[in-house]
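Each chain is listed here by its residues.
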Amino acid sequence: MSEKPIILGIETSCDETAVSLIQDKQNGTPKILSNIISSQFDIHKEFGGVVPELAARSHVEKIDLIAKKAISDSGIELNKVSAIAATYGPGLIVCLSVGLSFGKGLASTLGIPFIGINHLEGHALSPKLQDKIDYPYLLLLISGGHSQYLSVNGLGDYKRLGTTIDDALGEAFDKTAKLLGIDFPGGPKIEEFAKKGNPEKYDLPKPIINKGGCNLSFAGLKTAILRIVKNIKSDQEKFDLAASFQKTIEEILFTKTKVALDEFKKLNSTNKGSFVVAGGVAANKGIRKKLIEVSMQHNFKPIFPDLHLCGDNAAMIAMVGLEKFKNKQFDNLDLPADPRLPLDANAKFLKGAGVEL
Ligand code: KG4
Ligand code: ZN
């Protein structure tokens, strides 16, 4: 075994088949030796969302190839790998099972430890691949499946401060895009459309903006957009609607982040710290700008992982694997996939009609 641990990470929780090798460094951030991501956009685009069976089938078809490429790109002999880390939840169970079984098989064959990883913990620790960052920090995770504010207090120690009570933010972008006739995943295209439109044209709702702490809600926006879309006749009106949507989201996140930063400060008795924004939607430049602004106003250092580490990837899974490896937190090979695995097990379930905020 190499002196500095090398972790092979595997991610198949949704529609990305990803494998990465990273190596610890004595000082500073770990080295990413390889980071291979194969997306399934083409498979799902005609359906307007991820189709679980098709996603799982594609993972099965690709996982060997992606793993081989990650290993050969890393320049590392397989017998130098210290442990295998694979996502075991949350996500689509048929998809999780592919990477999980592959990881367990590899660990067993090589006779090295196996470590099950919470996908959300991967996003939470992803900035550690680039920056030395001290606990605790505030995390905003905005992806296709999740929208949460979390106080990241240490490895395995998370307190959820707020969550969406209905749609995830990426889902809101994708649904809006679908209504405008844009293929899945439409988030990036909405941002492009928005640049050509008038953000003041449509007045869209900002659900629970002044209540519910830093919990979020986006479902009302979709309903409003559905009504407007029916009367849209020109491309310009589509651009205007995208611009109005983008502006509304920026305003919601600005206000809610202020609340989250205040809650974080109270909880950790501090007046400064780091604010990390991760997940696919963190790629949105308008949102980034607004979040940097609110963060600086509150004396917090804004941190955005690089774009290739914002969306789903296996380097972030290996990152958590590395931290767990150093603590000798290994798992047995009978660890089951858990599609609803939470980050903060004590957080209240806040979804569905009539939820108390
Ligand atoms: O984190 P991610 O890659 O996968 C999940 O775990 O969900 O996030 C994907 C989501 C999709 O909903 C996609 O539309 C959205 O991130 N997204 C964006 C942008 N780039 C990706 N949303 C808004 N603006 C973007 N530039
Ligand atoms: Zn994700």
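The structure contained in this document is the topic of the report that follows. If you're wondering where the values come from, they're calculated on a predicted model, not measured in any experiment. (Residues numbered from 1 in each chain as written. Chains lettered and ligands numbered in written order. Predicted model: local features only at pLDDT ≥ 70, side-chain atom pairs only at ≥ 80, totals over all residues. Heavy atoms only, no water.)

A short note on the sheet that holds strand 8 (residues 157–163)
Whether parallel or antiparallel, the strands of a sheet pair through hydrogen bonds between backbone atoms.
Item 1. Pairing is mixed across the open sheet formed by five strands, whose spatial order is 8-7-6-9-10. What marks the edges here is a single partner per strand, and that holds for strand 8 and strand 10 (300–303). Across the sheet, the mean angle from the axis of one strand to that of its neighbour is 25°, orientation sign disregarded.
Item 2. Sheet topology note: the strand 9 (residues 273–278)/strand 10 ladder contains four bridges and is parallel. Across the sheet, residue Ser 274 finds its bridge partner in strand 10, namely Lys 301.
Item 3. Relative to strand 7 (residues 147–154), helix 8 (residues 235–268) is tilted by about 25°, and along the sheet it contacts strand 6 (137–142), strand 7, strand 8, strand 9 and strand 10. (Pairing = 2+ DSSP bridges. Helix = DSSP H or I, 4+ residues; strand = E, 2+ residues; numbered from the N terminus. Axes fitted to C-alpha atoms, helices over the stretch in contact; angles between N-to-C directions. Contact = heavy atoms within 4.5 Å.)

Brief notes about the site of ligand 1
Item 1. Gly 144, Asp 174, Glu 191, Gly 280 and Asp 312 are the nearest of the 19 residues found near ligand 1.
Item 2. Between a nitrogen atom of ligand 1 and a side-chain N or O atom of Asn 284, the distance comes to 3.0 Å.
Item 3. The side chain of Asp 312 places a nitrogen or oxygen atom 3.0 Å from an oxygen atom of ligand 1.
Item 4. Contact with the protein chains covers 87% of the free accessible surface of ligand 1, which is 550 Å². (Near = heavy atom within 4 Å. Polar contact = N/O pair within 3.5 Å; in protein donor to acceptor, adjacent residues only side chain to side chain. Areas by Shrake-Rupley, 256 points an atom, 1.4 Å probe, with all protein chains shown as cover.)

So, the sheet that holds strand 4 (residues 83–89)
Item 1. The strand order across the open sheet built from five strands is 3-2-1-4-5, with neighbouring strands paired in mixed fashion. Looking at the sheet topology across the chains shown, the edges are occupied by strand 3 (31–39) and strand 5 (114–118). Each strand of the sheet is rotated relative to its neighbour by a mean of 20°, with strand direction disregarded.
Item 2. The pairing of strand 4 with strand 5 spans five bridges and is parallel. Counted as the bridge partner of Thr 87 is Ile 117 from strand 5.
Item 3. Sheet strands in contact with helix 2 (residues 52–74) are strand 1 (6–11), strand 2 (16–23) and strand 3, and its direction is about 25° off that of strand 2.
Item 4. Lying over the sheet, helix 3 (residues 93–110) contacts strand 1, strand 4 and strand 5, oriented at roughly 160° with respect to strand 4.

Details of the packing of aromatic side chains
Item 1. Taken as a whole and judged by the stated rule, the model has five aromatic pairs.
Item 2. Ring geometry for Phe 264 versus Phe 300: centroids 5.7 Å apart, planes at 80°, classification edge-to-face. On the criterion of sequence distance, the pair formed by Phe 264 in helix 8 and Phe 300 in strand 10 is long-range, its members being 36 residues apart. Comparing Phe 264 with Phe 300, the two get one shared label, buried. (Phe/Tyr/Trp six-rings, centres within 6.5 Å; stacked < 30°, edge-to-face > 60°. Buried < 20%, exposed > 50% of the residue type's maximum accessible area, 1.4 Å probe, protein only.)

Quick word on the pattern of salt bridges
Item 1. Enumeration over the complete set of coordinates arrives at 11 salt bridges.
Item 2. Residue Asp 73 pairs with Lys 69 through a salt bridge whose shortest N-O separation is 3.2 Å. Of this pair, Asp 73 and Lys 69 both sit in helix 2, four residues apart, roughly one helical turn.
Item 3. When its relative accessible area of 39% is taken as the criterion, Asp 73 is described as partly exposed.
Item 4. Across the salt bridge formed by Lys 247 and Glu 200, the nearest N and O atoms sit 3.3 Å from each other. Taken together, the positions of Lys 247 in helix 8 and Glu 200 in the loop between helix 6 (187–195) and helix 7 (219–229) put the pair 47 residues apart, joining distant regions of the chain.
Item 5. Through salt bridges that share partners, Asp 167, Glu 171, Lys 175 and Lys 222 make up one connected network. (Salt bridge = Lys/Arg side-chain N within 4 Å of Asp/Glu carboxyl O.)

A look at the nonpolar core
Item 1. In this structure, Leu 169, Leu 241, Phe 245, Ile 249, Leu 253, Ile 287 and Leu 291 are the most contacted members of the largest nonpolar core, which totals 48 residues.
Item 2. Only strand 6, helix 5 (169–179), helix 6, helix 7, helix 8, strand 9 and helix 9 (285–297) provide two or more residues apiece to this core.
Item 3. Among the elements that line this core, the one with the most residues is helix 8, at 12 residues.
Item 4. Excluding its chain neighbours within four sequence positions, the residues that come into contact with Ile 287 are Ile 142, Leu 169, Phe 173, Gln 246, Ile 249, Glu 250, Leu 253 and Val 281.
Item 5. Counting 30 residues, the second largest nonpolar core, distinct from the first, contains Ala 85, Tyr 137, Ile 317 and Met 319. (Core = buried A, V, L, I, M, F, W, Y, C linked by side-chain atoms within 4.5 Å.)

Function cannot be read off these values alone, since they describe shape.
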